[in-house]
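Descriptive structure summary
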Amino acid sequence: MQVIKGRNVVVVGTQWGDEGKGKLVDWLTESAQGVVRFQGGHNAGHTLVINGVKTALHLIPSGIMRPGVKCYIGNGVVLSAAKLFEEIEGLERVGVEVRGRLRISEACPLILPFHVALDLAREAAREMGGNAKIGTTGRGIGPAYEDKVARRALRVQDLKHPERFAHKLRELLGLHNHVLSTYLGSTNFDFGPTLQAYLRAGRLDFDAVFDEAMRHAELLRPMMADVSRELNEAHLKGANLLFEGAQGTLLDVDHGTYPYVTSSNCVAGNAAAGAGVGPGMLHYILGITKAYCTRVGGGPFPTELDWEKPGTPGYHLSTVGAEKGVTTGRSRRCGWFDAALLKRSAQVNGLSGLCITKLDVLDGLPELLLCTGYDLDGERTDILPMGAEDISRCKPVYETLEGWSGSTVGVTQFERLPMQARFYLQRIEQITGVPIHMVSTSPDRDHTIMMRHPFLAD
């Protein structure tokens, strides 16, 4: 296989996240010299299985598991320094060298303890008020992005200037402590042991937050970088770059099931803005798609099944697929494959090709239902509507396909798949209009069917 130099690939989730992006990024990194995270924070969860050993990553790009590959955290990511070093130390304990290969944009907004407190207090207030919870991870991601958009965020570069940092921090604490105590009634909430070190009577203490930030500043300094400049220079030298998205398209703040979404743009186009490269540098868009659907947290899910009742297809997907959130440990809701949803994702991402993951989870199901569209208030539509309100009224229209009894686990050649599995994949291509270029048949790095390599020229 001849890989084209200077070719860049974007990997995005096409459903509600948890599609298995981490494994594919790790696998494709064999052909890349750099891997870039461009949005989200440590609310992401990517699981890699290499030689039977499982590793969970939340903030650091999945390419870190390949020796010699540079990893970049772009300006579109909100950064919790505490969680970053927790993750670094975990990797170092198993022999992975991180600090010399990780570059962090100085323009990344920081997630600080008051962002976490705000996140938790808001969800608790929603629940106490009888309103539906958004289903956030409670890690401060949304409040940190709010500060960024409001042009008041503390950024990584501010850590280099203690006096400037202290001045901005006092202003932020004044605002957020007022919201926490006066509006949200923070004294009524139990924030848990992690935040207790920063709290005094429901308010965040300046000294505790500032002192920890300054400790992190010294550790971060060697990894701070002008990531935009470094990526552009690497590209000019012929490096292949892999841009790793977090979450999934249907959690995108603009294009997802709003308001049950994350706080960033998860679509492929944001790889340019979130890393500081021109869109002309994005040569191939790979959409990662589970062979069925899952989602964590609240929000509409047209093809959702009863996944808690033993003996049902939904229970099979949940248990065989081990559907637990990597970041939170919450059970994922499970349902049939939704091709109308995938049409929306293909449209907003400009997908070049698909990678279908977890095909092996469908082994043993006698029949499969495939959603080809919806009935929405008596009218048929073949693409997912915009916004949670309309989506919640969608009734899926299904096509029934024959399942297979043979095993697909570990298969690495398309022709060796059961005939019914091949037809299932071909039907997905026909309905969505997007070619399937890769198929994953287990969590292991090497259990992948390759029909067309993203790093090869068109």
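Structural notes, computed from the coordinates. (Residues numbered from 1 in each chain as written. Predicted model: local features only at pLDDT ≥ 70, side-chain atom pairs only at ≥ 80, totals over all residues. Heavy atoms only, no water.)

**Quick look at helix 4 (residues 141-149)**
Put simply, the rule is: Classification of residues uses two cut-offs on accessible area relative to the type maximum, computed with a 1.4 Å probe and protein chains only: under 20% is buried, over 50% is exposed, and between them is partly exposed. Helix and strand labels come from DSSP, where a helix needs a run of H or I of at least four residues and a strand needs a run of E of at least two; each type is numbered from the N terminus.
Three or more residues of helix 4 are buried, namely I141, G142, P143, A144, Y145 and D147. One or two steps after helix 4, the chain reaches R151, where phi turns positive at roughly 65°.

**Description of the pattern of salt bridges**
Put simply, the rule is: For salt bridges, the criterion is a side-chain nitrogen of Lys or Arg within 4 Å of an Asp or Glu carboxyl oxygen.
Here the structure, examined in full by the defined rule, presents 22 salt bridges. Here R122 makes a salt bridge to E146, at a shortest N to O gap of 2.7 Å. Of the two residues, R122 sits in helix 3 (residues 113-128) while E146 sits in helix 4, which places them 24 residues apart along the sequence. One network of salt bridges, in which partners are shared, links D18, K290, E323, R332 and K358.

**Thoughts on unusual backbone geometry**
Here Y258 and P259 are connected by a cis peptide whose omega angle stands at 10°. Among the structural elements, P259 can be located in the loop between strand 10 (241-244) and helix 9 (270-275). For D18, which is not glycine, the phi torsion reads 65° and is therefore positive. Notably, K358 is not glycine yet its phi reads approximately 60°, a positive angle. K358 gets classed as partly exposed once you look at its relative accessible area, which sits at 22%.

**Comments concerning the nonpolar core**
What counts, and what does not: Here the nonpolar core consists of buried residues drawn from Ala, Val, Leu, Ile, Met, Phe, Trp, Tyr and Cys, with membership extended through side-chain atoms lying within 4.5 Å. Any two residues whose heavy atoms approach within 4.5 Å at even a single point are treated as in contact.
V10, L231, F243, L359, L362 and Y424 are the most contacted members of the largest nonpolar core, which has 52 residues in total. Looking at this core, the element that brings in the most residues is helix 13 (residues 419-432), giving five residues. Those residues in contact with L359, other than ones at most four positions away along the chain, are A291, W404, T408, L417, A421, Y424, L425, V439 and S440. One finds C108, L169, F191 and A217 within the second-largest nonpolar core, a separate group that totals 50 residues.

**Here's the deal with the packing of helix 2 (residues 81-93) against helix 7 (residues 206-220)**
What counts, and what does not: Helix axes are fitted to C-alpha atoms over the stretch in contact, other axes to C-alpha atoms as well, and angles between N-to-C directions run from 0 to 180 degrees. Orientation categories follow fixed angle ranges, with anything under 35 degrees roughly parallel, anything over 145 roughly antiparallel, 65 to 115 roughly perpendicular, and all other angles oblique. The hand of a helix crossing depends on one turn: near helix anticlockwise from the far one by less than a right angle means left-handed, and clockwise means right-handed.
Orientation of helix 2 relative to helix 7, taken along the N-to-C sense of each, is 50°, at an axis distance of 10 Å. By the angle between their directions, the pair helix 2 and helix 7 is classed as oblique. Seen from above, helix 2 lies across helix 7 with left-handed handedness. Between helix 2 and helix 7, the residues in contact are A81, A82, L84 and F85 and H216, L219 and L220, respectively.

**Details of the sheet that holds strand 10**
Applied cut-off: A pair of strands counts as paired when DSSP detects no fewer than two bridges linking them.
Strands sit in the order 9-6-5-2-10-1-11-15-19-20 across an open sheet of ten strands; the sheet is mixed. For this open sheet the edge positions go to strand 9 (224-225) and strand 20 (448-450), each flanked by a neighbour on one side alone. Pairing geometry for strand 1 (residues 8-13) and strand 10, over four bridges, is parallel. By the bridge assignment, V11 is partnered in strand 10 with E244. With respect to the sheet, helix 13 is in contact with strand 15 (353-357) and strand 19 (436-440), its orientation differing from that of strand 19 by roughly 140°.

**A look at the pairing of strand 11 (residues 284-290)**
For strand 11, a buried count of seven out of seven residues is recorded, marking the element as mostly surrounded by other parts of the structure. Neither face of strand 11 is open: one carries Y284, L286, I288 and K290, the other I285, G287 and T289, and all of them are buried. Here strand 1 pairs with strand 11 via five bridges, running parallel. Its bridge partner being in strand 11, V12 is matched across the sheet by G287.

**Quick word on the packing of helix 5 (residues 162-183) against helix 7**
Two measures define how a pair of helices packs: the angle their axes make with one another and the distance between the axes. It is at 11 Å that the axes of helix 5 and helix 7 come closest, and there the two elements cross at 145°. Between helix 5 and helix 7 the crossing geometry is right-handed. Residues P162, F165, A166, L169, R170 and L173 of helix 5 lie in contact with helix 7, whose contacting residues are F206, V209, F210, A213 and M214.

**Some remarks on the packing of aromatic side chains**
Defined as follows: Aromatic pairs are defined between Phe, Tyr and Trp rings, using the six-membered ring for Trp, whenever the two ring centres lie within 6.5 Å; interplanar angles under 30 degrees are classed as stacked, those over 60 as edge-to-face, and all others as tilted. A ring is considered to have a charge above it if a Lys NZ or an Arg CZ atom is located within 6 Å of its centre and within 35 degrees of its normal.
Summed over all chains, the structure comprises four aromatic pairs. Ring geometry for W16 against F301: centres 5.1 Å apart, planes inclined by 55°, an arrangement best described as tilted. Here F301 lies in the loop between strand 12 (293-295) and helix 10 (313-320) and W16 lies in the loop between strand 1 and helix 1 (21-28), a separation of 285 residues in the sequence. Residue classification places W16 among the buried residues on the basis of a relative accessible area of 2%. Residue class for F301 comes out buried when judged on its relative accessible area of 7%. Taken together through their ring pairs, the aromatic side chains of F165, F206 and F210 make up a single cluster. Lying across the ring of F206, R170 places its NZ or CZ 3.8 Å from the centre.

**Considerations on the pairing of strand 1**
Taking burial as the measure, the six residues of strand 1 include six buried ones, the bulk of the element. Residue alternation in strand 1 divides its side chains into two sets, N8, V10 and V12 and V9, V11 and G13, and both sets are buried.

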